[in-house]
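Listed below are the residues making up each chain.
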Amino acid sequence: MTEKRFHKRSIFLIAYLIFALLPIYWMVNMSFKTNQEILSSFTLLPQEFTWANYKLIFTDESWYSGYINSMIYVAMNMVITITVALPAAYAFSRYRFLGDKHIFFWLLTNRMTPPAVFLLPFFQLYTTVGLMDTHIAVALAHLLFSVPLAVWILEGFMSGIPREIDETAYIDGYSFPRFFLTIFLPLIKAGVGVTAFFCFMFSWVELLLARTLTSVNAKPIAATMTRTVSASGMDWATLAAAGVLTIVPGAIVIWFVRNYIAKGFAMGRV
Amino acid sequence: MAKIQLDLAHSYKPDPKVDGDYALLPLKMDFEDGGAYALLGPSGCGKTTMLNIMSGLVVPSHGTVLFDGQDMTRATPQQRNIAQVFQFPVIYDTMTVAENLAFPLKNRKVPADQIKQRVGQIAEMLEMSHQLDMAAAGLSADQKQKISLGRGLVRPDVSAVLFDEPLTVIDPHLKWQLRRKLKQIHHELKLTLIYVTHDQVEALTFADQVVVMTRGKVVQVGTPEALFDRPAHTFVGHFIGSPGMNFLPVTVRGDVLEIAGAHLPAGGGRHLPDGVLTLGIRPEYLELGATDKPGAVSVRVQQVQDIGTYWLVSCDASGMPLKLRLAPDVAPPAVGDTVGLQLLGENTCFYQNEKILP
Amino acid sequence: MTEKPVNQKAWFLILPVLVCVAFSAIVPLMTVVNYSVQDIISPERRVFVGTEWFAAVMRDQDLHAALWNQLKFSGAVLLVQIPLGIALALAMPASGWKASATLVLVALSLLIPWNVVGTIWQIFARTDIGLMGATLERMGIDYSYTGNASHAWLTVLLMDVWHWTPLVALLAYAGLRSIPDAYYQAARIDGASKFAVFRYIQLPKMRGVLMIAVLLRFMDSFMIYTEPFVLTGGGPGNATTFLSQYLTQKAVGQFDLGPAAAFSLIYFFIILLFCFVLYNWMLRLGQAGKQEGQS
């Protein structure tokens, strides 16, 4: 009775996985070819396998700096977000105070704003403050979306820890910072992991703001990829290799948090 | 209504060698048709595993399960026609009470008017007739459990109803109501009921026969009285009763018992083997008397507690703890007093290697 | 759990968050409001025009086109991604190494930078160098996402399905995993069919996460910008120009700050409305969940 059901479901699952991986496979395929081969013949596997595209990206500063820039501001974003979100989430989870529900809601609305709305104001704001084309500018801009999400997720996890633990710690004489770092944080490990994952996810993939606020010094890889048109036409091979390399950090991150993803989504807070 | 016979063992390892590899050590048990049984034991003793083997949710790794003589070891729960009530209420949220009760019958394609009649009958038995058209999701926990139970009873040919700690989430003051209802149903429908619990009060008040288990092993099967008066295993003595049985080491030399620093004649026609045994006596059966009375052992009173319905006196017998229960109208001894306790009586049991000696 | 105590000092814990978000949110928003009610003829000359920009924007034909396009798109997104996501969640293994592997493979598309998503599909759909494009052509279909408006639209939809269905699937998957085994066991005992199990147990228990998925996908698709921009640039013509691109064109391309700001606010309020609904729904869910936990 269950055999047939599994069969149909397995077939469907495999079909979807093929659908999901096909475009990626195609790009990987292309990244190992030369431009000539791409344009002249149509092959499922590279006839002349080459590492040249990847070599170019790793050696040409204008390319690899893009990755480094992206990673810098993503890391900044993650650190700042989690640092400010932890105490706030704790406050929302443990206390009631004037305007708490309203502030929570207002925080959420920021996650829901179309980034396009902030395009112009951000441009002007950061120019005025003199932070244009810096990593911190992008990190700060992304805070707008990642902090509410972080507070939301962390609050959910924290509410799952009984308050009795806090009270016991106070009775035992722990100061608040010590309690928070040595007792509380380890208990919400999964929550912090999930939060870090979503912070990374959002910041790494966002393009509009990242491109608007940077020009040369902090230019993310996303922007670099748009300049692959040269005199000889579109540099597909390099473009493909660059694309593949942007997937790698994402894949690594998912691998590390794979056990927590289900839990994070289970909080229903994405 | 069916007679269930178990002759099996269960292990999660493919090749079990030592006792620890087994979730259920080899056992042989009969559950008579129409009987009310309780599987009693602490968490992890294997009682839920046994229940799931009987219901068909788990297939035993060794042995057979017979229903009325037919081999149902690999049969599905549906084929065995059993009903199971779980620890928390399992109901279909989107349906009304009536639809919930009707569900098993609908799946069997029973005609609609028969369904209606049967649902009405069961609802009346459960005292839920006026709630039939209410949404099941909005009811309280005990009412939801009644619905779970009702779904099992609604099939007229249900072979047995299995309960897996069903009162866990019920408020205490509603528990006795549900228990009473279960006994009523048992009386009326004469179904085979098998009830898993770790609460001895539930087990002893509900069942005709109690199966006491620990660590995968069935240690005793018997009526509540038998379990109380003659525990076959020290575990049963310890687990049943509040507080449990007192155990003291005793050295037997011929006709003399060395216990708690005293030498007592064995007497009473008992033939005990020489060596170190364990004496077991329940707090209810310890007699208080003068220290010089023959057969008495001197103990020092350490604590006297007023439990309300009885006095609980904790004593020290040459380094070994003893507890006794006194009726509330008897004046208890004072703390620090030395009193005499009669250890040997008709309710005293002797154990060797945890098993009772005849 | 006992009631939360009132503690106004908790404000100190919130302060860092408020500072960060306020800096990034309130200041720009004020700028937008500022622009939306002024005509900036030159940096020195500004004229207060009240609601004139709002009215002009609402009359703009381009806006109507983009809005209609957007609604069709978001509708199609929901129609395809929700059932597909549920089906995928049902097909994913529940435990073991296969579950982890499937989770990673499924979640992969969520972690690709959005412009790369656009690039992948840009390549994939080309008839000269792309697998899908070439295959379609060999099958005899005159496929072109640059020339044919409906092809472009469908390709953008397909790309979004590829990109975001895993979000729905992961949410539904989490919902499914939270159903205790006892429900499935009871269903077996009751003789329920596979479809009955889905209809009476799985779907109701997933109701909460599914509602979140619906609202999130609607809102995110309503704000979509990068992927279609990279893939088609909004074309051919304005076949794949959705609201965010319309706004960006107005603000950056044509530098019509006034109308752009006005539309920004309208855009924002539409989404705010949906956000409000989402928030209240989730509050209700949370309370229902607590009740269920107690009973």
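**Topic: helix H7 (residues 135–159) of chain A**
All names here are of chain A.
Logical step 1: When the terminal C-alpha atoms of H7 are compared, their 34 Å separation across 25 residues agrees well with the 36 Å that a helix rising 1.5 Å per residue should span.
Logical step 2: At Leu143, H7 is deflected by roughly 45°, the largest bend along its length.
Logical step 3: With 23 of its 25 residues buried, H7 lies for the most part within the structure.

**Notes on the interface of chain C and chain A**
Logical step 1: On the chain A side, the residues contacting the 81 residues of chain C number 80 residues.
Logical step 2: When residues in the side of chain C that touches chain A are grouped by element, the largest group, 14 residues, is from helix H1 (residues 10–36) of chain C.
Logical step 3: Partitioned by chemical class, the residues of the side of chain C that touches chain A number 63 nonpolar, 15 polar and three charged.

**Concerning the pairing of strand S19 (residues 338–342) of chain B**
Residues and elements named next belong to chain B.
Logical step 1: Across the two faces of S19 the burial differs, with Val339 and Leu341 buried and Thr338, Gly340 and Gln342 not buried at all.
Logical step 2: Summarising the sheet, strand S15 (residues 287–289) and S19 pair through three bridges and their orientation is antiparallel. Looking at S19, one finds that Gly289 is bridged to Gly340.

**Brief notes about the interface of chain B and chain C**
Logical step 1: Listed by partner, the interface residues are 21 residues for chain B and 12 residues for chain C.
Logical step 2: Within the residue set of the side of chain B that touches chain C, elements represented by two or more residues are helix H2 (77–80), strand S6 (82–85), helix H3 (97–107) and helix H5 (141–153) of chain B.

**Digging into the sheet that holds strand S18 (residues 320–326) of chain B**
Residue and element names in this part refer to chain B.
Logical step 1: The strand order across the open sheet formed by five strands is S15-S19-S16-S17-S18, and the pairing between neighbours is antiparallel. In this open sheet, the two edge strands, each paired with only one partner strand, are S15 and S18. When strand polarity is set aside, the average angle formed by the axes of neighbouring strands in this sheet is 45°.
Logical step 2: Bridge analysis of strand S16 (residues 296–306) against S19 gives five bridges, and the strand direction is antiparallel. Bridge assignment links Val297 to a residue of S19, and that residue is Leu341.

**Looking at the arrangement of the chains**
Logical step 1: With two pairs of chains in contact overall, the greatest share of contacts is found between chains A and C.
Logical step 2: Contact between chain A and chain B is absent, and the minimum C-alpha spacing across the pair is 11 Å.

**Here we look at the packing of H3(B) against helix H4 (residues 112–125) of chain B**
All names here are of chain B.
Logical step 1: Here H3 crosses H4 at 130°, and the two axes come no closer than 10 Å. When the axis of H3 is compared with that of H4, the two are oblique. When the axes of H3 and H4 are compared, the crossing they make is right-handed. Residues Ala98, Leu101, Ala102, Leu105 and Lys106 of H3 form the contact with H4, whose own contacting residues are Ile115, Arg118, Val119, Ile122 and Ala123.
Logical step 2: When its residues are assigned to classes, the contact of H3 with H4 shows eight nonpolar, no polar and two charged.

**Points about the pairing of strand S12 (residues 256–259) of chain B**
In the case of a regular strand, side chains alternate between the two sheet surfaces.
All names here are of chain B.
Logical step 1: Only one face of S12 is covered, namely the face carrying Leu257 and Ile259; the face carrying Val256 and Glu258 is uncovered.
Logical step 2: Pairing geometry for strand S11 (residues 246–253) and S12, over four bridges, is antiparallel. Paired with Val252 across the strands is Leu257, a residue of S12.
Logical step 3: Between the end of S11 and the start of S12, which pair antiparallel, lie two residues, with Gly254 showing a positive phi angle near 65°.

**Things to note about the environment of Val116(C)**
Logical step 1: With respect to the helices and strands, the residue Val116(C) is situated in helix H5 (residues 114–125).
Logical step 2: Each C-alpha atom, one on Val116(C) and one on Val230(C), is 8.5 Å from the other, the two residues being 114 residues apart in sequence.
Logical step 3: For Val116(C), the contacting residues outside a window of four places in its chain are Gly243(A) and Thr246(A).

**Some thoughts on the domain arrangement of chain B**
Residue and element names in this part refer to chain B.
Logical step 1: Along its sequence, chain B is organised into domain 1 (4–239) and domain 2 (247–356).
Logical step 2: Listed by partner, the interface residues are seven residues for domain 1 and nine residues for domain 2.
Logical step 3: When its residues are assigned to classes, the side of domain 1 that touches domain 2 shows two nonpolar, three polar and two charged.

**What to know about the nonpolar core**
Logical step 1: By size, the foremost hydrophobic cluster in this structure holds 160 residues, and its most contacted members are Ala85(A), Ala88(A), Val151(A) and Ala172(C).
Logical step 2: The greatest single-element share of this core, amounting to 17 residues, is contributed by H7(A).
Logical step 3: Excluding anything up to four places from it in sequence, Val151(A) contacts Ala85(A), Ala88(A), Ala89(A), Phe92(A), Leu107(A) and Val17(C).
Logical step 4: Within the second largest apolar cluster, 76 residues are counted, among which are Leu39(B), Ile53(B), Ile122(B) and Leu227(B).

**A word on the sheet that holds strand S8 (residues 192–197) of chain B**
Residues and elements named next belong to chain B.
Logical step 1: If you walk across this open sheet you meet the six strands as S6-S7-S8-S3-S9-S10, and the pairing is mixed. The open sheet has two free edges, formed respectively by S6 and strand S10 (217–222), since each of these has just one partner strand. With direction set aside, neighbouring strand axes in the sheet form an average angle of 15°.
Logical step 2: Alignment of strand S7 (residues 160–164) against S8, held across five bridges, turns out to be parallel.

Parameters and conventions
Residues numbered from 1 in each chain as written. Chains lettered and ligands numbered in written order. Predicted model: local features only at pLDDT ≥ 70, side-chain atom pairs only at ≥ 80, totals over all residues. Helix = DSSP H or I, 4+ residues; strand = E, 2+ residues; numbered from the N terminus. Expected span 1.5 Å × (residues − 1). Bend = angle between axes of the 7 residues up to and from the residue. Buried ≥ 20, exposed ≤ 12 C-beta atoms within 10 Å, placed from the backbone. Contact = placed C-beta atoms within 7 Å. Nonpolar A, V, L, I, M, F, W, Y, C, P; charged D, E, K, R; others polar. Pairing = 2+ DSSP bridges. Axes fitted to C-alpha atoms, helices over the stretch in contact; angles between N-to-C directions. Parallel < 35°, antiparallel > 145°, perpendicular 65-115°, else oblique. Left-handed = near helix turned anticlockwise from the far one by under 90°. Domains from an automatic or database assignment. Core = buried A, V, L, I, M, F, W, Y, C linked by C-beta atoms within 7 Å.

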